There are 2 protein chains.
Amino acid sequence: MAEPWHEELRARGYRVTPQRQLVLEAVTALRHGTPEEICTEVQRTARGVNISTIYRTLELLEQLGLVKHTHLGHKPPTYHLATEADHVHLVCRGCGEVYDVTPAVAKGLVDVLEQEYGFETDVQHLTVYGRCRDCRTT
Amino acid sequence: MAEPWHEELRARGYRVTPQRQLVLEAVTALRHGTPEEICTEVQRTARGVNISTIYRTLELLEQLGLVKHTHLGHKPPTYHLATEADHVHLVCRGCGEVYDVTPAVAKGLVDVLEQEYGFETDVQHLTVYGRCRDCRTT
DNA sequence: TTTATTGCAAAACGTTTGCAGAATT
DNA sequence: AATTCTGCAAACGTTTTGCAATAAA
């Protein structure tokens, strides 16, 4: 149980709690979970955990650089592990599925924006809406 | 005052009201306004207009294809005219500025997603986060 | 023992809804 | 006159906050 981020927490004066471990596990398991979904997942193990603890924990974990969030359409923000390989999100309007693809797909875009506008793209936060292969044929 | 969309409205059994005109004007003026901002803008001319009317009107205007909305980061959805040339949004994390650029910048991305994943990109809804030229040098 | 963290309840925020009165047709 | 539209107030779902009790250090 001596996970590396435990020391990280203590070093900064924070404490390691069951709730914090469970939230991190839920984020890992769900891959793209909203706070609500993460709460439900956590409560499968520990019923008493309150939604406000989920919010506070997510904020802390994000601040520590352990998780990140993205905005996928209308829905509440979704959280994922920061240690996951960087990826671009493809959101299908048909089925709502979220696909992770390599940031390499955005190379052309990134280069153009850099050259033409002097704009530095945050590729990790890129979300592309559209229709996936399955939903186009259906 | 015989604007083309007036007939469009009446033809569908809707009515032309001052509120609806004001909302459309506010959307035009603000370029990327949230419902709240649009409400404030409208109220500069007509004080009594209620926020719920703003929401209902935006929904209607969007349904009629006169306006569109996009999700720009944390903030509530922002609305813009549908008749504006299609564009990709660049959102600067530094100053919060929203830039509109030609969809052509996304050609490389669109092609790769099409070929590699069979994914049909909705370019008009593409938002890219990053840092603009000004904020990079500052 | 100290003090960060939690659960709870209440507040805050953006958005939606029901309804009676006002306005457009 | 008929019916859509508006303003108001209340409800809603999500997120934040204050606080006393709990638990990690």
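Thresholds, definitions, all that
Residues numbered from 1 in each chain as written. Chains lettered and ligands numbered in written order. Predicted model: local features only at pLDDT ≥ 70, side-chain atom pairs only at ≥ 80, totals over all residues. Heavy atoms only, no water. Near = heavy atom within 4 Å. Polar contact = N/O pair within 3.5 Å; in protein donor to acceptor, adjacent residues only side chain to side chain. Helix = DSSP H or I, 4+ residues; strand = E, 2+ residues; numbered from the N terminus. Nonpolar A, V, L, I, M, F, W, Y, C, P; charged D, E, K, R; others polar. Contact = heavy atoms within 4.5 Å. Buried area = accessible area lost by both parts, 1.4 Å probe. Salt bridge = Lys/Arg side-chain N within 4 Å of Asp/Glu carboxyl O. Pairing = 2+ DSSP bridges.

(A) Focus on the protein's contact with DNA strand D. The local shell around DNA strand D holds 22 residues, among which A:Y55, B:R15, B:R20, B:T53 and B:R56 are the closest. In DNA strand D, atoms within 4 Å of the protein come from the sugar-phosphate backbone in 70% of cases. In the model, a phosphate oxygen of DNA strand D is placed 2.7 Å from a nitrogen or oxygen of the B:R15 main chain. The side chain of B:Q19 places a nitrogen or oxygen atom 2.9 Å from a sugar or linking oxygen of DNA strand D. Counting residues per element, the ones that place at least two in the surface near DNA strand D are α4 (51-63) of chain A together with α2 (18-30) and α4 (51-63) of chain B. Its residues assigned to classes, the surface near DNA strand D comprises eight nonpolar, eight polar and six charged.

(B) Molecular detail of the protein's contact with DNA strand C. Neighbouring DNA strand C are 22 residues; A:R15, A:R20, A:T53, B:R15 and B:Y55 lie closest to it. Among atoms of DNA strand C positioned within 4 Å of the protein, sugar and phosphate together represent 71%. Contact between DNA strand C and A:T53: a phosphate oxygen at 2.6 Å from a side-chain N or O atom of the residue. In the model, a phosphate oxygen of DNA strand C is placed 3.1 Å from a nitrogen or oxygen of the B:V16 main chain. Counting only elements with at least two residues in the surface near DNA strand C, the list comes to α2 (18-30) and α4 of chain A together with α4 of chain B. Considered class by class, the residues forming the surface near DNA strand C number eight nonpolar, eight polar and six charged.

(C) Structural detail: the interface of chain B and chain A. With 33 residues of chain B in contact, the opposing surface of chain A contributes 33 residues. Both faces considered, chain B and chain A share a buried interface measuring about 3,000 Å² in area, 60% of it formed by carbon and sulfur atoms. There are four salt bridges connecting chain B and chain A. Between B:E114 and A:R136 there is a salt bridge, with its nearest N and O atoms 3.3 Å apart. Run the count over chain B and chain A and you get 17 residue pairs in polar contact (both at pLDDT 80 or more). Only β3 (88-92), α5 (107-117), β5 (120-121), β6 (127-131) and α6 (133-137) of chain B provide two or more residues apiece to the side of chain B that touches chain A. Ranked by the residues each element gives to the side of chain B that touches chain A, the list is headed by α5(B), at six residues. Where strand β6 (residues 127-131) of chain A lies against β5(B), two bridges are found, and the strand directions are antiparallel.

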